[in-house]
Amino acid sequence: MTRRPRTGPAWPPARSPAWSDVTPKSAFLSRRALIAGAVTAGFAGPAAARLSFRPSDYSVDLEPNSFEEITSYNNFYEFGTDKADPAANAGQLTTDPWSVRIDGLVERPGTYDLGDILSRVTLEERIYRFRCVETWSMVVPWIGFELRSLLDRVGVQPGARYVAFETLLRPEEMPGQRYPLLDWPYREGLRLDEAMHPLTILATGLYGEEMPKQNGAPIRLVVPWKYGFKSIKSIVRISLTDSQPPTTWNMQNPREYGFYSNVNPEVDHPRWSQASERRIGAGLFAGRQPTLMFNGYAEEVADLYRGQDLTKDY
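Residues numbered from 1 in each chain as written. Predicted model: local features only at pLDDT ≥ 70, side-chain atom pairs only at ≥ 80, totals over all residues. Heavy atoms only, no water.

Colleague: Whenever I open this one, the overall build of the protein chain confuses me. Can you help?
Modeller: If you tally the helices and strands in the protein chain, you get eight helices and 13 strands. Expressed as a percentage of its 314 residues, the buried residues of the protein chain come to 53%. Here the analysis covers contacts within the protein chain between residues at least 6 apart in sequence; of these, 75% occur between residues at least 24 apart. (Helix = DSSP H or I, 4+ residues; strand = E, 2+ residues; numbered from the N terminus. Buried < 20%, exposed > 50% of the residue type's maximum accessible area, 1.4 Å probe, protein only. Contact = heavy atoms within 4.5 Å.)

See the structure below:
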């Protein structure tokens, strides 16, 4: 499926990206060699269109989890609370057409078609660690672009301090929203400097293909140094604000889920330790591995929190 620009607010003049096809790493060949259009077990719908992208220096030198592991073990309560529910139930989600409303403290607010957004970005492969607050982890080869490139294009006003995000609200296609599991729609937020950090991306694919529906299609946030629930899925709204926005899990239980939710092995969840994690796919006898501060991204992001008490700003 190729997305085409539709009528909407015009972007300011910008250079069109120079797309380049990248030879996949040998570890990915077995998955990427699948014929486009083939049905893959655990995938919500037919195989997605191939994406053009370039490699990134921000990728970690780790072997990613398999496509099947990444797409069959998910938290996406809009489709159910079991880890297998998103893969089972997300196939009915309509992701084209798709638009994102950008509003608040921006110079060029509007509702932008996703095709228009993607027409002026260069996609990169970002192989990131992914750490869930539930103490399991993966390594995921995301395809996406830096959030700051989008924010720069719409123009962030001087008074903006935070970025708020909302997920699609469509209970007829997202069965979990028919029940009061959470205060729908799902909402998340970042401080502006976190949003503008080069590690923070909007992802539209993984393993070189369009984003599977159970993983947050067609566009989701990825913030690799934070617990996974901060990386909101199926985004339909981005708002720039001058005050800290409400976020779903923090509203649900502020004692257990702070606004920042940085990966921190020294700050436990009230009900379990965060000192170690279980790598999905590592095998029954692999054991747990120590959790890294900021999920291994301390060198890049620790300065964002200089002077903060991370036992209070958790």
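Anyway, onward from the coordinates.
Colleague: Could you clarify how one ought to interpret the pattern of salt bridges in this entry?
Modeller: Side chains that differ in sign of charge can pair as their charged atoms come close. A complete count under the given rule lists 16 salt bridges for this structure. Notably, a salt bridge pairs Arg 54 with Glu 124, separated by 3.0 Å at the nearest N-O pair. Placement of the pair is Arg 54 in strand β1 (residues 54-55) and Glu 124 in strand β4 (residues 124-131), with a sequence separation of 70 residues. Overall, the relative accessible area of 11% leaves Glu 124 in the buried class. Glu 146 is the partner of Arg 148 in a salt bridge, and the nearest nitrogen-oxygen pair spans 2.6 Å. (Salt bridge = Lys/Arg side-chain N within 4 Å of Asp/Glu carboxyl O.)

Colleague: Mind showing me how you'd approach unusual backbone geometry here?
Modeller: Leaving glycine aside, a negative phi is the common case for residues, and trans is the common case for peptide bonds. Between Trp 184 and Pro 185 the backbone carries a cis peptide bond, its omega angle lying at 0°. With respect to the helices and strands, the residue Pro 185 is situated in the loop between β6 (162-167) and β7 (187-191). Following Ala 217, the chain continues to Pro 218 via a peptide bond in cis, the omega torsion being -5°. The residue Pro 218 is located in the loop between β9 (209-210) and β10 (220-222) in this model. Backbone geometry places Asn 295, a non-glycine residue, at a positive phi of 60°. Within the fold, Asn 295 resides in the loop between β13 (289-290) and α8 (298-301).

Colleague: What exactly am I supposed to notice about helix α5 (residues 147-154) here?
Modeller: Every α-helix winds through 3.6 residues per turn, so residues three or four apart in the chain are directed the same way. Within the span of α5, buried status applies to Leu 147, Leu 150, Leu 151, Arg 153 and Val 154. What you see down the axis of α5 is that its buried residues fit within an arc of 160°, all on one side. Immediately beyond the C-terminal end of α5, within one or two residues, lies Gly 155, with a positive phi of roughly 80°. (Arc of directions from axis to C-beta.)

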